[in-house]
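These are the residues of each chain, in order.
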Amino acid sequence: MRVVLFIVLFLIIENAFGQMRIKDCATQQFVADVVVYDAQNNTILGVSDKHGAVEIDPHIVDLTLVHPDYGNIKTMRQEVICIDQSLNTIVIEMQFDAKKNC
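Residues numbered from 1 in each chain as written. Predicted model: local features only at pLDDT ≥ 70, side-chain atom pairs only at ≥ 80, totals over all residues. Heavy atoms only, no water.

1. Here's the deal with the overall build of the protein
Working step 1: A count of helices and strands for the protein gives one helix and eight strands.
Working step 2: Helices and strands in the protein line up, N terminus first, as α-β-β-β-β-β-β-β-β.
Working step 3: Of all 102 residues assigned to the protein, the portion counted as buried reaches 26%.
Working step 4: Considering only contacts in the protein between residues 6 or more positions apart, those separated by 24 or more positions represent 45%.
Working step 5: Summed over all atoms, the accessible surface of the protein reaches about 7900 Å², with 56% contributed by carbon and sulfur. (Helix = DSSP H or I, 4+ residues; strand = E, 2+ residues; numbered from the N terminus. Buried < 20%, exposed > 50% of the residue type's maximum accessible area, 1.4 Å probe, protein only. Contact = heavy atoms within 4.5 Å. Areas by Shrake-Rupley, 256 points an atom, 1.4 Å probe, with all protein chains shown as cover.)

Structural data, given as structure tokens:
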């Protein structure tokens, strides 16, 4: 009886969150450090690990992905998301006066 209960509990926990992978499909490499937001309420759901994996609630479908090298995009949840084709480049422009005060 305990074994059956343990298996049922494991399956419930396993299905409570779904794994999604984020990949640069041009290089066939998984991408780490992609911040995944719930696009509807702008809350952080997770950050991809070195294998491009992030665990998020399977009921959340609309996502925003942000990465310093690839930029950001709003997308739909998929098992594997190719970010090289999707993300918009982020441009940060910095201006400053480099004169010394003498």
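Moving on, there is more to tell.
2. A look at the confidence of the model for the protein
Working step 1: Taken over all residues, the pLDDT of the protein has a mean of 76, while the share at 70 or more is 65%.
Working step 2: In the predicted structure, residues 8–16 sits below a pLDDT of 50 and forms three contacts with residues beyond four places in sequence or in another chain. (pLDDT = per-residue confidence, 0-100.)

3. Here's the deal with the nonpolar core
Working step 1: One finds Met20, Ile22, Val31, Val34, Val36, Val54, Ile56, Ile60, Leu63, Leu65, Ile81 and Ile83 forming the largest nonpolar core, which totals 12 residues.
Working step 2: For valine 34, the residues in contact, after removing those within four places along its chain, are Ile22, Gly46, Val47, Ser48, Leu65, Val66, His67 and Ile83. (Core = buried A, V, L, I, M, F, W, Y, C linked by side-chain atoms within 4.5 Å.)

4. Quick notes on the pairing of strand E6 (residues 62–67)
Working step 1: Inspection of the sheet shows strand E3 (residues 35–38) paired to E6 by four bridges, in the antiparallel sense. Along E6, the bridge assignment pairs tyrosine 37 with threonine 64.
Working step 2: In this structure, E6 lies alongside strand E7 (residues 71–76), joined through six bridges in antiparallel fashion. Within the sheet, the bridge partner assigned to leucine 65 lies in E7 and is isoleucine 73. (Pairing = 2+ DSSP bridges.)

5. Side note on the sheet that holds E7
Working step 1: A sheet is described by the order of its strands in space; here four strands give the open sequence E4-E3-E6-E7, paired in antiparallel fashion. Looking along the sheet, the strands with just one partner apiece sit at the ends: strand E4 (43–47) and E7. Sheet twist, expressed as the average angle between the axes of neighbouring strands with direction ignored, equals 25°.
Working step 2: In this structure, E3 lies alongside E4, joined through four bridges in antiparallel fashion. When the sheet's bridge partners are listed, aspartate 38 is paired in E4 with threonine 43. (Axes fitted to C-alpha atoms, helices over the stretch in contact; angles between N-to-C directions.)

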